[in-house]
Each structure stands twice: as structure tokens, then as C-alpha cells.
Amino acid sequence: MKRKISGSSFLFILLILGLSMSSCENENKDNPGPGGESKSYIPASNAKYEYTVTEDGKNIATATKWIDGSRDSSGLKLYNLHTINNLEGESMTMDNELYVANGKTYTRINAPEAWYMVIEELKKSPDIIVEEARLNGFPASMVVENALREGSKLTWEVPETMGQYIRFKAKDSGDRILEITQKLVHHPGEAEGIESVTVPAGTFSCTKFVYKISQEQILKINGQTATTASGTETVTLWMAHGIGVVKEESITFYDGSSSSTTTVLNKIQ
């Protein structure tokens with residue numbers, strides 16, 4: 001599941017960038033910062049967090065995140081986490097709502113606007129006719145128990161299987177219709193322990209969560225399956241109260257190949 005900006009993997013790139021960097025122990029018991037929630041994985045709103053993403057040792061992306069506002073809804077305070085991703089020379093923005101309820105931090109994952117931008121570019125291609133394109137499984141939520149202890153749970157609330165579907169044809173291919181279906185299944189995880197983690201931004205006491213993502217991709221031509229591919233990614237997140245993800249490591253095995261990706265917190269400003 002190598003990260004390239006192409007039809008089948010684009011959604012997966014955005015989800016990883018979006019979920020990375022959403023939570024380290026802060027000593028302020030009342031409020032880690034204006035707009036923040038104490039004892040939760042919501043970043044303080046008086047800081048910006050800068051990250052670097054590497055794949056197999058090569059820099060592939062950077063991201064900057066910060067809380068840029070909040071609102072009240074049905075007794076909950078919702079915080080907007082704004083992200084600017086820079087991936088292979090392209091700048092993309094994402095917004096995720098975070099809130100705390102029942103001792104858990106919820107990160108709401110919306111359909112990435114950049115996906116729609118890519119589809120619109122495909123539609124402008126003189127050689128391709130896009131007949132249908134849709135995203136499934138949004139909005140979804142990643143739910144993390146706030147307790148700093150081994151065994152704390154990381155779960156997902158997804159309305160339907162997450163993924164994307166694209167049906168198109170080349171203008172010079174007659175009636176041949178191609179369909180690409182991608183499905184992503186996020187499996188529950190849990191904390192394996194509390195660890196001290198050192199990154200360029202400093203040393204932090206973090207909860208270490210591990211979970212898995214399964215992916216399946218199917219290519220059909222005129223309704224008949226032409227190729228299939230599948231894979232699994234194991235994701236390790238080091239998270240802490242009041243900051244965001246401090247470090248993420250993922251190891252992916254997909255369609256006979258493997259890759260590793262690391263995201264680290266470089267700077268807090």
C-alpha cells in the first residue's frame with residue numbers, strides 16, 4: 001500500500017495524514033490551553049504542531065495542525081482541528097472535529113475535500129469519462145479512551161465500510177467500462193503501555209496504541225473482475241494529553257510488497 005497520489009491510494013494517504021497527529025501528558029489539570037480539554041487527547045488551542053512524514057526513510061510529506069475554533073452542540077464542546085498537508089508539492093487542507101464524552105476523545109473524520117478536487121481533475125481529462133465517483137463511510141469517528149493505562153481502547157464508529165468507488169472509461173476504448181472499488185476496514189486497537197518518546201519537538205510521556213487497517217481493491221472491466229489486491233497495515237501511535245500524536249509508525253504489506261511510514265512531531269510553536 002505505497003503512498004502515491006493515484007486513484008486507489010489517494011483516499012488512504014489523506015486518512016493517514018488526517019488521523020496522524022490527533023493527541024502527550026500535560027501537567028495543567030484544568031486546561032491545557034485556551035479551547036483545550038484537560039485529560040484528553042485534544043491539542044491545546046494556543047499552539048501549532050508541525051510534523052514530518054517519511055516512507056522507507058524518504059521524506060514524502062509535512063503537516064501543520066492547530067485548533068482554530070470551537071462551538072457548543074447539545075452540551076458538548078466541539079473543537080475544529082485544521083490541518084495543512086504538503087504532499088509531493090501539493091497543498092491540501094483538512095478539518096476534523098474533536099470532542100470529549102464519557103471519558104473518551106472522539107475525532108470525527110469527514111470526507112476529504114481534496115478527494116473531490118482530484119475527481120474534478122479526472123473529469124477534465126480529455127481522455128477519460130468519469131461516470132460515477134463516490135466515497136463511503138463518512139463521517140466516521142476514531143474513539144480513544146482517555147485513561148493513561150495499558151489496555152485503554154481505541155475503537156471506530158463508521159456508518160458503513162469506508163472506501164471509494166470510481167467508474168470510468170477511456171474515450172478511445174469504445175464501450176469498455178472500468179470500475180475501481182477500494183474498501184478500508186479499521187480494526188479496534190488498545191494501549192500496549194506508557195512510554196517516554198523523544199522526537200525533535202522534545203521528550204514526552206505517551207500512551208502507545210496499536211491497531212490495524214485492512215484494505216481490499218478490486219478492478220472490474222465490463223462488470224467482470226480483472227484484478228484484486230489486498231493488504232494490512234499495522235499502525236502504532238504514541239499519543240498524549242493536550243498535544244496530539246507525538247509519533248506514528250506504520251508497516252504495510254500490500255499485494256506482495258511492503259513499506260514503512262513514520263510520522264514525527266518536529267516542532268510546537
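Residues numbered from 1 in each chain as written. Predicted model: local features only at pLDDT ≥ 70, side-chain atom pairs only at ≥ 80, totals over all residues. Heavy atoms only, no water.

1. Side note on the overall build of the protein
Okay, so step 1: Each helix and strand counted, the protein has 2 helices and 15 strands in total.
Okay, so step 2: When the 269 residues of the protein are sorted by exposure, 48% land in the buried category.
Okay, so step 3: For the protein, the computed accessible surface area is about 12,300 Å², with 46% contributed by carbon and sulfur atoms. (Helix = DSSP H or I, 4+ residues; strand = E, 2+ residues; numbered from the N terminus. Buried < 20%, exposed > 50% of the residue type's maximum accessible area, 1.4 Å probe, protein only. Areas by Shrake-Rupley, 256 points an atom, 1.4 Å probe, with all protein chains shown as cover.)

2. Brief notes about the packing of aromatic side chains
Okay, so step 1: Overall, the coordinates contain 4 aromatic pairs when judged by the stated rule.
Okay, so step 2: Between W115 and Y116, the aromatic rings sit 5.1 Å apart at their centres with planes inclined by 85°, giving edge-to-face as the arrangement.
Okay, so step 3: Ring geometry for W156 against Y211: centres 5.3 Å apart, planes inclined by 65°, an arrangement best described as edge-to-face. With a gap of 55 residues between them, W156 in strand 8 (residues 153-157) and Y211 in strand 12 (residues 202-221) connect regions that are remote in the sequence. In terms of burial, W156 and Y211 fall into one category: buried.
Okay, so step 4: Geometry around W66 places K48 over its ring, the cationic atom sitting 4.2 Å from the centre.
Okay, so step 5: A cation over an aromatic ring shows up here: K247 above the ring of W238, its NZ or CZ 5.3 Å from the ring centre. (Phe/Tyr/Trp six-rings, centres within 6.5 Å; stacked < 30°, edge-to-face > 60°. Lys NZ or Arg CZ within 6 Å of the ring centre and 35° of its normal.)

3. Some words on the nonpolar core
Okay, so step 1: Ranked by size, the top nonpolar core spans 25 residues in total, and within it V144, L154, F209, Y211, L237 and M239 carry the most contacts.
Okay, so step 2: Secondary structure elements with two or more residues in this core: helix 2 (113-124), strand 6 (128-136), strand 7 (140-145), strand 8, strand 9 (162-170), strand 10 (178-186), strand 12 and strand 13 (224-239).
Okay, so step 3: With residues up to four places along the chain from it excluded, the contact list for V144 reads Y41, G103, K104, T105, K153, L154, F209 and M239.
Okay, so step 4: If you look at the next biggest cluster of nonpolar residues, it comprises 14 residues, including C206, W238, I243 and L265. (Core = buried A, V, L, I, M, F, W, Y, C linked by side-chain atoms within 4.5 Å. Contact = heavy atoms within 4.5 Å.)

4. Concerning unusual backbone geometry
Okay, so step 1: Each neighbour pair has its own omega, and for F138 with P139 the value is -5°, a cis peptide bond.
Okay, so step 2: Of note, P139 is situated in the loop between strand 6 and strand 7.
Okay, so step 3: The phi torsion at S74 lies on the positive side, around 50°, for a residue other than glycine.
Okay, so step 4: In this fold, S74 is placed in the loop between strand 2 (58-73) and strand 3 (76-87).
Okay, so step 5: A relative accessible area of 80% means that S74 is categorised as exposed.
Okay, so step 6: With a phi angle near 50°, D255 is a residue other than glycine that sits in the positive phi range.
Okay, so step 7: With relative accessibility at 55%, the residue D255 sits in the exposed group.

5. Points about the pairing of strand 13
Okay, so step 1: Bridge count for strand 12 against strand 13 is 15 bridges, and the pairing is antiparallel. The residue of strand 13 that forms the bridge with K212 is T234.
Okay, so step 2: Between strand 12 and the antiparallel strand that follows it, strand 13, lie 2 residues; N222 among them carries a positive phi value of about 55°.
Okay, so step 3: In the sheet, strand 13 pairs with strand 14 (residues 247-254) via 8 bridges, with the strands oriented antiparallel. Within strand 14, the position partnered with V235 by the bridge is S250. (Pairing = 2+ DSSP bridges.)

6. Some details on the confidence of the model for the protein
Okay, so step 1: Overall, the predicted model of the protein reaches an average pLDDT of 87, with 86% of residues at or above 70.
Okay, so step 2: Taken as a whole, residues 1-16 scores under 50 in pLDDT and shows 65 contacts with residues more than four places along the chain or in a different chain.
Okay, so step 3: Here residues 20-36 scores under 50 on pLDDT; set against residues more than four positions off or in separate chains, the count is 65 contacts. (pLDDT = per-residue confidence, 0-100.)

7. Quick word on the environment of K267
Okay, so step 1: Mapped onto the elements, K267 comes out in strand 15 (residues 257-268).
Okay, so step 2: Since its relative accessible area comes to 40%, K267 is described here as partly exposed.
Okay, so step 3: On a C-alpha basis, the gap between K267 and K48 in space is 8.1 Å, while along the polypeptide they are 219 residues apart.

8. Structural notes on the pattern of salt bridges
Okay, so step 1: Under the definition given, this model contains 12 salt bridges.
Okay, so step 2: The structure contains a network of salt bridges with shared partners spanning E131, E132, R134 and R167. (Salt bridge = Lys/Arg side-chain N within 4 Å of Asp/Glu carboxyl O.)

9. Structural notes on the environment of I251
Okay, so step 1: Checked against the element boundaries, I251 lands in strand 14.
Okay, so step 2: Judged by relative accessible area, I251 falls into the partly exposed class, the value being 46%.

10. Some points on the environment of I243
Okay, so step 1: Tracing the backbone shows I243 in the loop between strand 13 and strand 14.
Okay, so step 2: When the C-alpha positions of I243 and S45 are compared, they lie 9.2 Å apart, and in sequence the two are 198 residues distant.

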